[in-house]
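# Chains, contacts and geometry: an overview
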Amino acid sequence: MKKKFLTLTLALALALSLAACGGKDAPAQDGTPDDAPEVSAPETEAPETEAPETPGESPKEIDLAAFYASLTEGEEWPVLMSLTEDETMAEMLDSYYPGLSELSTKQCGVYVAAISAAVGEIALVEVENAGDVQAVEDIFQARIDYQVGDDTNPGGARYPETIEGWKTKSQIVSHGNYVMLAVGDNAGAAAESFEALFA
């Protein structure tokens, strides 16, 4: 009888202890018991890594006005005038780059040669939507095509040397939501500098 009573008491104690533990969270699936002390790793700064780039996204913000200033500071360009800093130039911007002002942009700077006989132009755009990158590239290409002309229409650049410059010294480069058109002797170097912004 004592054995039965002892067995019953032990079973009851076990049942009560299981019931008392039932309110606790289930143990972690990684095999670490609930009552194991938490060990935190020593705090160290994680190395800065760039987020993986996804199409249409750029890993960091680029100040295009500052980039333009650095381009024209270090390299020789013809005298360029801005079509985007002054509202009075809006009509000229729409004439040179039809459709560009209709796109949603975060940044837009278009700089054209003050003298039409000079080969030099820089256009820098950051669009709001990745889907507009191709539209900007098409607008930039249309600008080149217009300046070069074809067999039936003379080039907008007018002079043979200027037309040749637009034909052979034009670069369109895009990275994420950023697009650049550079035209002139320093277009290749400008394209390399643009790509270096994202390295």
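The shown structure was predicted, so the numbers you read here are calculated from the model rather than taken from an experiment.

### A short note on the sheet that holds strand β2 (residues 105–113)
- Strand order in the open sheet formed by five strands is β1-β2-β3-β5-β4, with antiparallel pairing between adjacent strands. A strand with exactly one partner marks an edge of an open sheet, and here the two such strands are β1 (80–82) and β4 (170–175). Geometrically, the sheet is characterised by an average inter-axis angle of 15 degrees between neighbouring strands, direction not taken into account.
- Relative to the sheet, helix α2 (residues 64–74) contacts β1, β2, β3 (121–127) and β5 (178–183), its axis offset from that of β3 by approximately 160 degrees.
- Here helix α4 (residues 133–148) sits on the sheet in contact with β3, β4 and β5, set at roughly 10 degrees to β5.

### Some details on the environment of Lys-60
- Along the polypeptide, Lys-60 turns up in the loop between α1 (2–21) and α2.
- On a C-alpha basis, the gap between Lys-60 and Leu-197 in space is 9.1 Å, while along the polypeptide they are 137 residues apart.

### Some points on helix α6 (residues 187–196)
- Listed in full, the buried residues belonging to α6 are Ala-187, Ala-190, Ala-191 and Phe-194. All buried residues of α6 project into a common sector of 100 degrees when viewed along the axis, lining one side. Exposed side chains of α6 directed beyond 90 degrees from the buried face belong to Glu-192 and Ala-196.
- Residues of α6 that are buried sit in contact with α2, β4 and β5.

### Concerning the pattern of salt bridges
- The tally for this structure, following the rule as stated, stands at two salt bridges.
- One salt bridge connects Glu-121 with Arg-143, and the closest N-O pair in it is separated by 2.8 Å. Remark: Arg-143 occurs in helix α4 and Glu-121 occurs in strand β3; sequence separation between them is 22 residues. Taken as a pair, Glu-121 and Arg-143 share a single burial class, namely buried.
- A salt bridge links Asp-185 to Lys-169, with the shortest nitrogen-to-oxygen separation between them at 2.6 Å.

Definitions and cut-offs
Residues numbered from 1 in each chain as written. Predicted model: local features only at pLDDT ≥ 70, side-chain atom pairs only at ≥ 80, totals over all residues. Heavy atoms only, no water. Pairing = 2+ DSSP bridges. Helix = DSSP H or I, 4+ residues; strand = E, 2+ residues; numbered from the N terminus. Axes fitted to C-alpha atoms, helices over the stretch in contact; angles between N-to-C directions. Contact = heavy atoms within 4.5 Å. Buried < 20%, exposed > 50% of the residue type's maximum accessible area, 1.4 Å probe, protein only. Arc of directions from axis to C-beta. Salt bridge = Lys/Arg side-chain N within 4 Å of Asp/Glu carboxyl O.

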